Amino acid sequence: MGKLYKQVREEYHMHQDKDADKRINKLLSGLNSIVSAVAEMRNKSGDAHGMGKERLNIDKHHARLAVNAAMIMADFILSVEEKANGEEDY
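The numbering scheme is per chain: residues are counted from 1 as the chain's sequence reads. With pLDDT at 70 or above as the cut-off, local features in this predicted model cover only qualifying residues; side-chain atom pairs require 80 or more to be listed or tallied, and sums for whole chains, interfaces and linings still use all residues. As a convention, hydrogens and water are excluded, and side-chain values are obtained from all of the structure's heavy atoms.

For helices the rule is a DSSP run of H or I covering at least 4 residues; for strands it is a run of E covering at least 2, with both sets numbered from the N terminus onward. Scanning the chain from N- to C-terminus turns up three helices and zero strands. Secondary structure elements of the chain, listed N to C terminal, follow the sequence α-α-α. Residues classed as buried in the chain amount to 16% of the 90 residues present. Within the chain, contacts between residues separated by at least 24 positions form 51% of all contacts whose residues are at least 6 apart in sequence. A total of about 7400 Å² of accessible surface is found on the chain, and carbon and sulfur atoms cover 54% of it. Accessible area is worked out with a 1.4 Å probe on protein chains only. A residue is then buried under 20% of its type maximum, exposed over 50%, and partly exposed in between. In this description, contact between two residues means that some pair of their heavy atoms is separated by no more than 4.5 Å. Only the protein chains shown count as cover for residues, and the accessible areas themselves come from Shrake-Rupley with a 1.4 Å probe.

Rendered as C-alpha cells:
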C-alpha cells in the first residue's frame, strides 16, 4: 500500500512543498501517517492472509477510525486526480 501511495503522490505532486503553507504541509504529513498506519494495521491485524502471531484485537471505535481515515484518503486522492484532469466541481 505504501508503494502505491508513493506512486500516486509522485504522479499528482502530492508531496510537501517548501513554498506551500506550513499547515498544508502538516496535513500532507498527517496523510502520510494515515496511509502508513492503515497499511500496518492491514498487514498485522487483517486476516486476509490468515491469523499471524501479531494479530491485534482492536476496539470498534479504533476500527471506525481506520475505516474513516481510509475513506478520507481515498476521497482526497480522487479529488486530486479530478483536479489534474480538469474535472473538479468546486
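Our next topic: the side chain of Asn25. Note on placement: Asn25 falls in helix α2 (residues 22–45). If sequence neighbours within four positions are ignored, Asn25 has contacts with Gln16, Asp17 and Ala20.

All right, on to the pattern of salt bridges then. By definition here, a salt bridge exists when the distance from a side-chain nitrogen of Lys or Arg to a carboxyl oxygen of Asp or Glu is within 4 Å. Applying the stated criterion to the full structure yields two salt bridges. A salt bridge links Lys18 to Asp19; the nearest nitrogen and oxygen atoms lie 3.8 Å apart. Classification of Asp19 as exposed rests on a relative accessible area of 64%.

Below, the discussion takes up the confidence of the model for the chain. This prediction gives the chain a mean pLDDT of 81; 80% of its residues lie at or above 70. Residue-level confidence of the predictor, termed pLDDT, takes values from 0 up to 100. Within the chain, α2 has the poorest average pLDDT of any element, 82, and helix α3 (residues 60–84) the best, 90.

By the secondary structure assignment, Ala66 is in helix α3. Taking the C-alpha atoms as reference points, Ala66 and Ile34, separated by 32 residues in sequence, lie 8.3 Å from one another.

Further remarks concern the nonpolar core. Here, the term nonpolar core denotes a set of buried Ala, Val, Leu, Ile, Met, Phe, Trp, Tyr and Cys residues that are joined through side-chain atoms within 4.5 Å. Counting seven residues, the largest nonpolar core consists of Tyr5, Met14, Leu28, Leu31, Val35, Met73 and Val80. When residues of this core are traced back to their parent elements, those giving at least two are α2 and α3. Per element, the largest residue contribution to this core is three residues, and it comes from α2. Excluding anything up to four places from it in sequence, Met14 contacts Tyr5, Val8, Arg9, Leu28, Phe76, Ile77 and Val80.

Attention shifts here to α3. Helix length check: α3 (25 residues) gives 36 Å between terminal C-alpha atoms against 36 Å at 1.5 Å per residue, within 8%. Along α3, the positions that sit buried rather than exposed are Ala66, Ala69, Met73, Ser79 and Val80. Count one or two residues on from α3 and you reach Gly86, which has phi positive near 70°. By definition here, a helix of n residues has an expected span of 1.5 Å times n minus one.

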